[in-house]
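The chain contents come next:
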Amino acid sequence: HELFDHIIVGGDEVREGRKDKPDPSIFFRACELTGVQAAEAIHIGDSLSSDIQGAIAANLHASVWINCKGSQPPPDGPQPTFQL
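Just so you know, the residues in each chain are numbered from 1, in the order the chain's sequence is written. Local features in this predicted model are restricted to residues whose pLDDT is 70 or higher, and side-chain atom pairs enter the listing and the counts only when it is 80 or higher, whereas totals over whole chains, interfaces and linings include all residues. Just so you know, side-chain values use all the structure's heavy atoms and leave hydrogens and water out.

Engineer: Just to check I follow, could you spell out the pairing of strand β2 (residues 62-65) for this structure?
Structural biologist: Two faces belong to every sheet, and in a regular strand the side chains alternate between them. The buried label applies to any residue whose accessible area, calculated with a 1.4 Å probe on protein chains only, is under 20% of its type's maximum; exposed applies above 50%, and partly exposed to all values in between. Secondary structure elements are defined from DSSP: runs of H or I of at least 4 residues count as helices, runs of E of at least 2 residues count as strands, and each element is numbered from the N terminus. Because side chains alternate across β2, one face comprises the buried residues Ala62 and Val64, and the other comprises Ser63 and Trp65, equally buried. Crossover strand β1 (residues 42-45) to β2 through helix α3 (residues 48-57) is right-handed. Note that β2 and strand β3 (residues 82-83) share two bridges and pair parallel. Within β3, the residue paired with Val64 across the bridge is Phe82. Classification remark: right-handed applies to a crossover when, strands pointing away from the viewer, the course from the first strand over the helix to the second runs clockwise. Strands are treated as partners if at least two bridges between them are detected by DSSP.

The structure is reproduced here in structure tokens:
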């Protein structure tokens, strides 16, 4: 935890009775804990359906998809702002 003040783990959120990604509430919780507005936040993740869709649903400033396979997102699916 030397680099981060807060780490949210989806499974822990569910065990605590909260919702997991892609529900926007987990993204709003992260914003609340860090003191930023959703419009100021970005989310980085490797799942289009959980990470990118959730970031879009929460109206975050940007979503970054870690595209390990080098594929293109399906045209009818969530579209990340950036890809790595």
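Engineer: Help me out: how do you make sense of the confidence of the model for the protein chain in this one?
Structural biologist: In low-pLDDT regions, the fine details of the predicted coordinates are not to be read closely. Overall, the prediction assigns the protein chain a mean pLDDT of 94, with 99% of residues at 70 or greater. Every residue is assigned a pLDDT by the predictor, reflecting its confidence on a scale from 0 to 100. Ranking the helices and strands of the protein chain by mean pLDDT puts β2 first, with 98, and helix α1 (residues 10-15) last, with 86.

Engineer: Honestly, a nonpolar patch on the surface in this entry has me stumped. Any pointers?
Structural biologist: Taken together, the side chains of Leu3, Phe4, Ile7 and Val9 present a nonpolar region at the surface, about 450 Å² in accessible area. Relative to the assigned elements, Leu3 resides in the segment before α1. For Leu3, a relative accessible area of 77% gives the class exposed. Patches in this entry comprise residues that are over 30% relatively accessible and not in a salt bridge; like charges within 9 Å are linked, as are nonpolar side chains (Val, Leu, Ile, Met, Phe, Trp, Tyr) within 5 Å. Only the protein chains shown count as cover for residues, and all accessible areas are computed by the Shrake-Rupley method using a 1.4 Å probe. Here, a salt bridge means any Lys or Arg side-chain nitrogen found within 4 Å of an Asp or Glu carboxyl oxygen.

Engineer: Sorry if this is basic, but what is going on with the nonpolar core here?
Structural biologist: Within the largest apolar cluster, eight residues are counted, these being Ile26, Phe27, Cys31, Ala38, Ala41, Ala55, Ala58 and Leu60. Per element, the largest residue contribution to this core is three residues, and it comes from helix α2 (residues 24-34). Note on contacts: a residue pair qualifies if any of its non-hydrogen atoms lie within 4.5 Å across the two residues. Apart from the residues lying within four places of it in its own chain, the contact partners of Ile26 are Ile8, Gly10, Glu13, Lys19, Asp20 and Lys21. Here, nonpolar core means buried Ala, Val, Leu, Ile, Met, Phe, Trp, Tyr and Cys residues that are tied together by side-chain atoms lying within 4.5 Å of each other.

Engineer: When you look at unusual backbone geometry in this model, what are you seeing that I'm missing?
Structural biologist: A negative phi angle is the norm for most residues apart from glycine, just as the trans form is the norm for most peptide bonds. Here the bond from Lys21 into Pro22 is cis, since omega is 15 degrees, no more than 30 degrees from zero. Secondary-structure assignment places Pro22 in the loop between α1 and α2. Positive phi values are uncommon outside glycine, yet Asn59 reaches one of about 55 degrees. Tracing the backbone shows Asn59 in the loop between α3 and β2. Overall, the relative accessible area of 60% leaves Asn59 in the exposed class.

Engineer: Would you mind showing me how to read the environment of Ser25 here?
Structural biologist: With respect to the helices and strands, Ser25 occurs in helix α2. Assessed through its relative accessible area of 33%, Ser25 is described here as partly exposed.

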